[in-house]
Structure formats: C-alpha cells, structure tokens
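# Report on the structure
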Amino acid sequence: MTTTGSPRTTPARRPHRTTAAPDSGSPAPPAPAGRAPFKGRLAVLAVTLGIFTIVTTEILPIGLLTRIGADFGVSDGTAGLMMTLPGFLAACAAPTVTVATARFDRRLMLCGLVALLALANFTAAAAPVYWLVLLSRVLVGVVIGGFWSIGVGLAERLVPAASAGRATAVIFSAVPLGSVIGVPAGTFLGDLAGWRTACAAVGGLAVGVWVLTALALPPLPAVRATSPALLRATLRGVHTRFALLMTFLVVLAHFGAYTYVTPFLERTTHLATAATVTLFLLVYGVAGVVGNFAGGAVVARRPRTVFGTAAALLALATLLLPVLGREPVGALALLVVWGVAYGAVPVASQTWFAKAAPGAPEAASVLFTASFQATLSLGALAGGMVVDRTSPAVVMVLGGATAVLVALVAWLHFAKRPAWPVG
C-alpha cells in the first residue's frame, strides 16, 4: 500500500504501543527478553526490504510517466492507469487475501507474494504493448494488498517483546524510504538506460528479497482468523467511518495531483532536464520522511492537529503551485511543504483506524489498506481525466480544493465529538 503513500507505526521509543495491526494468523506469544538475535533482525530486514520494494514498484511510474506514455504513444491520463490499477486491485486483495489465507503459513505467503512482485516487474520491463504493462500492474495490486495485510504486524513474532516496537518502526520506515531512495533511483536509472531497465532492476531487487525472506524468516503458522463478520462489525463504528471519510478525501487530494507532478514540472515549471525533475522528486521524498517521523511523534496525542495541519499544508502547496511553481525555486519550496504535509498523512490515518477499532487491530488494518489503495486509484484516475482535458496546473488546484475540505471536516468533526480515548 501506496500508498504513495503507504502507513507506518508510532515511534519506536514506545514499544508497548504500535499502530500496525498484527497479522490475523499471527498470535503474539510472549517473546524472550533482551536484544533480538541476529536471525530475528535479519527477518525484520527481509520484511522491511519487501515493503521497500513494493513501495518503489507502486509509485515508480510517477517519475517515469511521460517516458512510458511516449514509448507506447498514450496520453498522460492513460499512462496514469499504471497508478490506478494497482490501487483498485490492492483494495480488493487486502480483505480477500487476508480472509482466504488466514490459515496459511505466513512465511510461505510472503515468499509467494514477493515472487509475484518480481514477475510483475519483469513483465513490465519486457512488455511489447501497453496492455501488458497494465497486466503487470494488476499483479502489483494483488501483492500490495496481500503483503500489507500479512506482513506489517509480524515484528512481534520475529524478535523478543522488548524489541518489537523498534522492529515495527524499522519495517514502516520502508514507506518513506521508498519515496526518498527507491523512486528517485529508479527514475534516475530510467533517465540513463530507459524505463524498462528501471523496471528490470526493481525486479532483480525483488528476487534478492525473495531469497532473503525464504532464508531468514522462520515458519509462521497461522492460528487466528479475521472473518468477514468481524470486518462488517468494525465498519459499523462511528470513528471507523470517519476515518474512512478522511482517508478518502486526503488521499484523493494528494494522488489526484501528485500522480501528475512530473508533467507539471516539465510543462509548467519548465525544468530543463529529466535529472532536475529527479532531483526535485528526491527533495520531496526527503521532506516526506521528515513529515512522517514528525507526525508519528505526536499523532497519538494530537490526531486532530496532525491531520488538520497536514491537510492545510497540502492545500497550501497545491493551490500555490500554479502561481509560484512557474519558477524552479517556488516549485521546489512548495514541494518541500507538500512532502512534509503528506508524509504525516499515512501514520495519522493508520492511527485513527487503530484507535477506532482497538479490539480488532487487523480488521482496522485491512480497512485502512483497502480504503487507502482504492482512493489512491480513484485520485489517479480522476487526475488523469482532468489532465487530458485541461492541464497539470488545473489538477493541482482541484487537489488543493479537496485538501481544504479535508481540513474543514477534520476540525468540525472534533469540535462536535470528543476524540476517542488514548490508551
């Protein structure tokens, strides 16, 4: 889950509380005290690299959108389907895979999903026609939904209890690092050797992660199961429904605009080279890491402040881009603001879901993943329809207007209702 966009947990310094949902088939038996053994840390690294590779694969087309579109002779909006399809499939796969494989060994499931990710990247790299690229993105969507629902809560089964919080934080750090390292590196490689080489390189990384996952993870037999009835019951909660609404609006605002940030930088800001676009995306990613950790540090205590501030800053950046973003300095400054703002969104949204359903953490995680990915796709699709009929600048304005609505809804909701208990 992009989650271009994908969740992370509360800070590692509070190991007794994480927002990540434990896997439904992964009970949390008492773990031995002390530092995590080497193999446990290696297993955590395998899961972290798996998420890193997934995040990189999911949002890599943002940096290569115009190149892939030009290669196949399709418009920017049609090329944006590479972002739309994985999100819709991930939204379906999150509950489906979780329920259907609730009794399967989680190690085997993760190995199978990483292998499918490698296949998807190699298929895209070799695709002679655009529809085959889209087919590869369907496979990516299945991987996103399945891996997120199963893998993100495994830390407490891989390391001793005292290390579980830090291990979970490490796993979720793969989300911003995918934006900071994975996507700019892939975009840079695509500039040097072509977008197919970039896809093949990510496929090679997935193969390496598969080997590490197979060797480092212990058997993880499933015990408990998340049922459709539990998911329906979780959806009936008032705070859960509000979390769904807020996730829908803010992800729609972000991905409706950010999917087409490369065309904006090329056509409105008139950046001279592809390398400059890559540099701007890298700066955005670094700002996202800052926002991710800053938001995670305070979201448990001030969820309204984090979400409302993030939405307001996102609105400010996207609304001003068509005005101040015509010059490189203005565009870069606003991308920093945008990155910091959106970096806090996944952790805030995931925290709200977890607090809304404290008795069913995995059900909350499945709902978060499904809603996040579905809206990511809808935002990319809506942005594509707009950009094909108008311009990238108009997409930025519409994204900013939606973000303004997010900020207003967040503040009005908490003005009328007390926040849920923290605990």
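Here we come to the overall build of the chain. When you go through the chain residue by residue, the secondary structure sums to 18 helices and 0 strands. The proportion of buried residues among the 423 residues of the chain is 59%. Partitioning the contacts of the chain with sequence separation of at least 6, the portion at a separation of at least 24 is 87%. Total accessible area on the chain stands at roughly 15,100 Å², and carbon and sulfur atoms take up 73% of it.

Moving on: the packing of aromatic side chains. Tallied over the full model, the rule gives 6 aromatic pairs. On the numbers, 4.6 Å between centres and 25° between planes, the contact of Y258 with Y284 is stacked. Taken as a pair, Y258 in helix 11 (residues 238–258) and Y284 in helix 13 (residues 274–298) lie far apart in primary sequence, 26 residues in all. Pair check on accessibility: Y258 and Y284 agree, each one buried. Put simply, the rings of F72, Y130 and W195 pair up and form one aromatic cluster.

To continue, consider the nonpolar core. It is characteristic of soluble globular proteins that their nonpolar side chains tend to be buried jointly. In terms of nonpolar packing, the biggest core is built from 116 residues, with I51, L158, V261, L265 and W338 touching the most fellow members. Looking at this core, the element that brings in the most residues is helix 1 (residues 38–72), giving 15 residues. Of all hydrophobic cores here, the second largest spans 6 residues; its members include A91, A94, L231 and V366.

Together, L279, L282, V286, V290, V336 and V340 make up a nonpolar patch on the protein surface, roughly 420 Å² of accessible area in all. Secondary structure elements with two or more residues in the nonpolar patch: helix 13 and helix 15 (328–343). The biggest single contributor to the nonpolar patch is helix 13, with 4 residues. Assignment of secondary structure puts V290 in helix 13.

In this section: the environment of T53. With respect to the secondary-structure elements, T53 resides in helix 1. By relative accessible area, T53 is classed as buried at 1%. When near neighbours in sequence (up to four residues on either side) are disregarded, T53 contacts L117, V202, L205, A206 and V209. Reaching out from T53, the side chain makes a polar contact with the backbone oxygen of L49 at a distance of 2.7 Å.

Right, let's talk about the pattern of salt bridges for a bit. Considering all chains together, one arrives at 3 salt bridges under this definition. Note that D191 and R67 form a salt bridge whose closest N and O atoms lie 2.8 Å from each other. Within this pair, whereas D191 is found in helix 8 (residues 174–193), its partner R67 is found in helix 1, the two being separated by 124 residues in sequence. Relative accessible area serves as the criterion here: at 26%, D191 is assigned to the partly exposed category. With a closest N to O distance of 2.5 Å, R267 and D76 form a salt bridge. With R267 in helix 12 (residues 261–267) and D76 in helix 2 (residues 76–79), the pair connects residues that are 191 residues apart, well separated along the chain.

Attention shifts here to unusual backbone geometry. Even without a glycine there, the phi angle at H270 is positive, about 60°. Inspection of the secondary structure puts H270 in the loop between helix 12 and helix 13. When its relative accessible area of 58% is taken as the criterion, H270 is described as exposed.

One can describe the packing of helix 1 onto helix 8 by two numbers: an axis separation of 7 Å at closest approach and a directional angle of 45°. As summarised for this structure, helix 1 and helix 8 are arranged oblique, according to the angle between their axes. Of the two elements, helix 1 crosses helix 8, and the hand of that crossing is right-handed. Only A174, V175, L177, G178, S179, I181, G182, V183, G186, T187, G190 and D191 of helix 8 make contact with helix 1, whose side of the interface consists of T48, I51, F52, V55, T56, I59, L60, G63, L64 and R67. By residue class, the composition of the contact of helix 1 with helix 8 is 11 nonpolar, 9 polar and 2 charged.

Looking at the chain, pLDDT values average 79 and 84% of them are 70 or higher. The secondary-structure element of the chain with the lowest mean pLDDT is helix 7 (residues 161–172), recorded at 69, while helix 9 (residues 195–216) shows the highest, at 95. Counting contacts from residues 1–35, a segment whose pLDDT is below 50, to residues more than four positions away or on other chains yields 139 contacts.

Given a rise of 1.5 Å per residue, 22 residues ought to cover 32 Å, and the 31 Å separating the end C-alpha atoms of helix 5 (residues 130–151) matches this to within 8%. Along helix 5, 17 of the 22 residues are buried, which leaves the element largely enclosed by surrounding structure.

The residue T259 is located in the loop between helix 11 and helix 12 in this model. Owing to a relative accessible area of 0%, T259 belongs among the buried residues under this scheme. A distance of 2.7 Å separates a polar atom in the side chain of T259 from the backbone oxygen of F255. With near-sequence residues (within four places) excluded, T259 lies in contact with I62, L65, M83 and A380.

About the cut-offs
Residues numbered from 1 in each chain as written. Predicted model: local features only at pLDDT ≥ 70, side-chain atom pairs only at ≥ 80, totals over all residues. Heavy atoms only, no water. Helix = DSSP H or I, 4+ residues; strand = E, 2+ residues; numbered from the N terminus. Buried < 20%, exposed > 50% of the residue type's maximum accessible area, 1.4 Å probe, protein only. Contact = heavy atoms within 4.5 Å. Areas by Shrake-Rupley, 256 points an atom, 1.4 Å probe, with all protein chains shown as cover. Phe/Tyr/Trp six-rings, centres within 6.5 Å; stacked < 30°, edge-to-face > 60°. Core = buried A, V, L, I, M, F, W, Y, C linked by side-chain atoms within 4.5 Å. Patch = residues over 30% accessible without salt bridge, like charges linked within 9 Å, V, L, I, M, F, W, Y side chains within 5 Å. Salt bridge = Lys/Arg side-chain N within 4 Å of Asp/Glu carboxyl O. Polar contact = N/O pair within 3.5 Å; in protein donor to acceptor, adjacent residues only side chain to side chain. Axes fitted to C-alpha atoms, helices over the stretch in contact; angles between N-to-C directions. Parallel < 35°, antiparallel > 145°, perpendicular 65-115°, else oblique. Left-handed = near helix turned anticlockwise from the far one by under 90°. Nonpolar A, V, L, I, M, F, W, Y, C, P; charged D, E, K, R; others polar. pLDDT = per-residue confidence, 0-100. Expected span 1.5 Å × (residues − 1).

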